[in-house]
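Examining the three-dimensional arrangement
The lines below spell out each chain.
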Amino acid sequence: MTFSPDSPRTTTLVIGAGGRHGGTGSHVVRRLREHHHAVRVLVRADDERAQHLRALGAQIVVGDLLDRRTLDAAVRDADTVYFTYPVAPGIVQAAANLASAIRHAETTPRLVVMSMAVSAPDNPSGLGRAQWAAEQVLSWAGLEPTILRIKALFYENIVLLHAGSIRESGSFANSFGDAAVPWISGLDAADLAVAALTDPARYPRGTTLYPQGATVHSHVEIAALIEAETGTPVRYTSIPASQWQRELEALAHNGTEPSVNPAMAQHISAIGALFSQLPSAPPGDTTALTEAIGRSPQTFAEFLREHGHQFVAAPSR
């Protein structure tokens, strides 16, 4: 990854640095600060996550993408903007508010959008359709976003969606079936975003790119990898999308996993069903990812060495 020389007047606004799903925003902040770039972060609350970002040297601005009145200070004099949104409803309004604030500031920052491959007007995922509409809004506003539609799921999905079940029963289920699925770590996706933010010649305005993942695994293989790391048997079961959606909605309803919401439940169960019907595995290109981020991408086995403890039940007292 190539970092351009920093300028005291160059500021990157990072939106979504407090997100928990994949955590790309906080990774982007850390990587930019490691190379002495000036970073401003939009947060909804000045909480402990904001304090952590402040400790990295980021300027903190409190605001809400869903409240246009709070965004002027965030976008003022920003030279580049990183925009990612939770796997949750609201992205179209958020994009419209961001576009309005930037146009009101009469600036022309480079805008990099973290997106997903299912961003399309006719995708079975409601969030995929909303992501596409949000990108259209940013383009219609004349912001010429550079869009990274990552063609992979985050490793972190396995922790978010299945670690609890694996801890409790040694098993997990979803609607992906036997499909081979492309994967990437949140860290590697963040480094792709940093490359796009700092290398405008390679990632020009107004382009939509489809970076591929680091590896391809079915969920049966994922189960085997978790078992090998933890030494505890793990079993995967395929279930219909409608059943998995109901189970995730129940998690959202009872608050077992606060990052899961009904829109996410519909999104990921629909994506699982879509993958289960593919005739073959999507192609991978580790070479291109390695070149883009300047190092070998993280494998799922390496991810498990850091996060394997989350799949193991706490010893009873």
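Look up a bit, the structure's there.
Quick caveat, the model's predicted, so the values are computed rather than measured.

Brief notes about the overall build of the protein
The secondary structure content of the protein amounts to twelve helices and twelve strands. Relative to the 2.2 N^0.38 estimate, which gives 20 Å for 317 residues, the radius of gyration of the protein is 19 Å and therefore close to what a compact globule would have. Burial status across the protein gives 49% buried among its 317 residues. Across the protein, contacts joining residues at least 24 apart in sequence account for 78% of those joining residues at least 6 apart. Carbon and sulfur atoms provide 52% of the accessible area of the protein, an area that totals close to 14,500 Å². For the protein, the centre of its 25 positive side-chain charges and the centre of its 30 negative side-chain charges are spaced 4 Å apart.

Overview of helix H5 (residues 126–140)
Compared with the 21 Å implied by 1.5 Å per residue over 15 residues, the 21 Å span of H5 between its first and last C-alpha is a close match. Every buried residue belonging to H5 is among Leu 127, Gly 128, Gln 131, Ala 134, Glu 135, Val 137 and Leu 138, and all of these are buried. Residues of H5 that are buried sit in contact with strand S4 (80–83), helix H4 (91–105), strand S5 (110–116), strand S6 (146–150) and helix H10 (262–276). Just beyond H5, the residue with positive phi is Gly 142, at close to 80°.

A short note on the environment of Ala 265
In this fold, Ala 265 is placed in helix H10. Using a relative accessible area of 0% as the deciding quantity, one classes Ala 265 as buried. In this structure, the C-alpha to C-alpha distance between Ala 265 and Leu 32, residues 233 residues apart in sequence, is 33 Å.

Some thoughts on the pattern of salt bridges
Two side chains that carry opposite charge are able to pair once their charged atoms sit near each other. Applying the stated criterion across every chain, the model contains eleven salt bridges. Arg 295 serves as the salt-bridge partner of Asp 191, at 2.7 Å between the closest nitrogen and oxygen. Residue Asp 191 is found in helix H7 (residues 186–198), and its partner Arg 295 is found in the loop between helix H11 (286–293) and helix H12 (300–307); the two are separated by 104 residues along the sequence. On the basis of relative accessibility, which here comes to 1%, the residue Asp 191 falls in the buried class. For Arg 295, a relative accessible area of 27% puts it in the partly exposed group.

Examining the pairing of strand S3 (residues 59–62)
Bridge count for strand S2 (residues 38–43) against S3 is four bridges, and the pairing is parallel. Its bridge partner lying in S3, Val 41 is registered against Ile 60. A crossover links S2 with its parallel partner S3, the connecting element being helix H2 (residues 48–55), and its sense is right-handed.

Digging into the side chain of Thr 11
Mapping Thr 11 onto the fold places it in strand S1 (residues 11–15). Apart from the residues lying within four places of it in its own chain, the contact partners of Thr 11 are Ala 38, Arg 40, Asp 77, Ala 78, Asp 79 and Thr 80.

A word on the sheet that holds strand S7 (residues 153–154)
In spatial order, the strands read S7-S9-S11; together these three strands make up an open sheet with mixed pairing. Sheet topology places S7 and strand S11 (215–217) at the edges, where each strand pairs with a single neighbour. Bridge count between strand S9 (residues 181–184) and S11: three bridges; the pairing is antiparallel. Across the sheet, Trp 183 pairs through a bridge with Thr 215, a residue of S11. Contacting S7 and S9, H7 runs over the sheet at an angle of about 70° to S9.

Observations regarding the packing of helix H9 (residues 241–254) against H10
Packing of H9 against H10 brings their axes to within 8 Å, and their N-to-C directions diverge by 155°. Taken together, the axis directions place H9 and H10 in an arrangement best described as roughly antiparallel. The crossing of H9 and H10 is right-handed. Residues Ala 241, Trp 244, Gln 245, Leu 248, Glu 249 and Ala 252 of H9 touch H10, and the partners they reach there are Pro 262, Ala 265, Gln 266, Ile 268, Ser 269 and Ala 273. Looking at the contact of H9 with H10 residue by residue, the classes come out as eight nonpolar, three polar and one charged.

Reading the values: rules and limits
Residues numbered from 1 in each chain as written. Predicted model: local features only at pLDDT ≥ 70, side-chain atom pairs only at ≥ 80, totals over all residues. Heavy atoms only, no water. Helix = DSSP H or I, 4+ residues; strand = E, 2+ residues; numbered from the N terminus. Rg over C-alpha atoms; globule rule 2.2 N^0.38 Å. Buried < 20%, exposed > 50% of the residue type's maximum accessible area, 1.4 Å probe, protein only. Contact = heavy atoms within 4.5 Å. Areas by Shrake-Rupley, 256 points an atom, 1.4 Å probe, with all protein chains shown as cover. Lys, Arg positive; Asp, Glu negative; His and termini not counted. Charge placed at Lys NZ, Arg CZ, Asp CG, Glu CD. Expected span 1.5 Å × (residues − 1). Salt bridge = Lys/Arg side-chain N within 4 Å of Asp/Glu carboxyl O. Pairing = 2+ DSSP bridges. Right-handed = clockwise from strand over helix to strand, strands pointing away. Axes fitted to C-alpha atoms, helices over the stretch in contact; angles between N-to-C directions. Parallel < 35°, antiparallel > 145°, perpendicular 65-115°, else oblique. Left-handed = near helix turned anticlockwise from the far one by under 90°. Nonpolar A, V, L, I, M, F, W, Y, C, P; charged D, E, K, R; others polar.

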